[in-house]
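A look at the structure
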Amino acid sequence: MKVPNLLVLCAFIFSGCVPVLLGAGAVTGYMLSNDYALGNVKTDYRTLWDTSLDTVSTAEFNIVEANESKGIIKIKDSDVDVTIKIDSLAVDEQRLKVSSRKYLIPKPAYSQKIFFRIIRGLDMELE
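Residues numbered from 1 in each chain as written. Predicted model: local features only at pLDDT ≥ 70, side-chain atom pairs only at ≥ 80, totals over all residues. Heavy atoms only, no water.

Helix and strand counts for the protein stand at 3 helices and 8 strands. Buried residues in the protein amount to 35% of all 127 residues. Relative to all contacts within the protein whose residues are 6 or more apart in sequence, the contacts with residues 24 or more apart total 45%. When the accessible area of the protein is evaluated, it comes to approximately 7,300 Å², of which 59% is carbon and sulfur surface. (Helix = DSSP H or I, 4+ residues; strand = E, 2+ residues; numbered from the N terminus. Buried < 20%, exposed > 50% of the residue type's maximum accessible area, 1.4 Å probe, protein only. Contact = heavy atoms within 4.5 Å. Areas by Shrake-Rupley, 256 points an atom, 1.4 Å probe, with all protein chains shown as cover.)

Okay, structure coming up:
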């Protein structure tokens, strides 16, 4: 590995922003903070919205609100409140943000679990 490539890789790792390739879909600039999981997804808005809604439309989750025009899905899983937010960056690139809280305390691992569940569903849909 060349030195410039190593520096770029180190910059991504230490900033907490890591590009992730999962199957057919690509998540560029994935980040996990203490409050949310965030990533840019290479797909159109409609596909990401449908996949996100399908992912949380199970017996495991209670959908509290789903507003497609605002790009917000709010769900409840036992005592965990989850908000999924989709922002369109370009025609074929969307920003997916999943935040979760239990009794007002952030649950980043739970946010990450839901985020990757949506990405896996997107990968299966694109194949």
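There's more to say after this.
Take the packing of aromatic side chains next. Aromatic ring pairs: the centre-centre distance and the angle between the two ring planes describe each pair. Considering all chains together, one arrives at 2 aromatic pairs under this definition. When the centroid spacing of 6.5 Å and the interplanar angle of 10° are considered together, the rings of Tyr 45 and Trp 49 count as stacked. Residue Tyr 45 and its partner Trp 49 are located together in helix 2 (residues 45–56), separated by 4 residues, close to a single helical turn. For Trp 49, a relative accessible area of 3% gives the class buried. With centroids separated by 5.4 Å and ring planes inclined at 90°, the aromatic side chains of Phe 115 and Phe 116 adopt a geometry described as edge-to-face. Taking relative accessible area as the criterion, Phe 116 reaches 17% and is therefore assigned buried. Looking at Lys 97, its charged tip hangs above the ring of Tyr 36, at a distance of 4.6 Å from the centre. (Phe/Tyr/Trp six-rings, centres within 6.5 Å; stacked < 30°, edge-to-face > 60°. Lys NZ or Arg CZ within 6 Å of the ring centre and 35° of its normal.)

Turning our attention to a negative patch on the surface. Side chains of Asp 44, Asp 54, Asp 92 and Glu 125 sit close together on the surface and give a patch of like negative charge. Tracing the sequence through the fold places Asp 92 in the loop between strand 6 (80–90) and strand 7 (93–102). (Patch = residues over 30% accessible without salt bridge, like charges linked within 9 Å, V, L, I, M, F, W, Y side chains within 5 Å. Salt bridge = Lys/Arg side-chain N within 4 Å of Asp/Glu carboxyl O. Lys, Arg positive; Asp, Glu negative; His and termini not counted. Charge placed at Lys NZ, Arg CZ, Asp CG, Glu CD.)

This brings us to helix 2. Look at helix 2: 17 Å from first C-alpha to last across 12 residues, which is about the 16 Å you get at 1.5 Å a residue. Among all positions of helix 2, only Thr 47, Leu 48, Trp 49, Thr 51, Ser 52, Thr 55 and Val 56 are buried. (Expected span 1.5 Å × (residues − 1).)

Tracing the backbone shows Thr 55 in helix 2. Polar side-chain contacts of Thr 55 include one of 2.7 Å to the backbone oxygen of Thr 51. (Polar contact = N/O pair within 3.5 Å; in protein donor to acceptor, adjacent residues only side chain to side chain.)

This part covers the pairing of strand 7. As paired strands, strand 3 (residues 36–41) and strand 7 are joined by 6 bridges and run antiparallel to one another. Paired with Val 41 across the strands is Gln 94, a residue of strand 7. Across 10 bridges, strand 6 lies against strand 7 in antiparallel orientation. Bridged to Lys 85 within strand 7 is Lys 97. From the end of strand 6 to the start of strand 7, which pair antiparallel, there are 2 residues. Here strand 7 pairs with strand 8 (residues 105–106) via 2 bridges, running antiparallel. (Pairing = 2+ DSSP bridges.)

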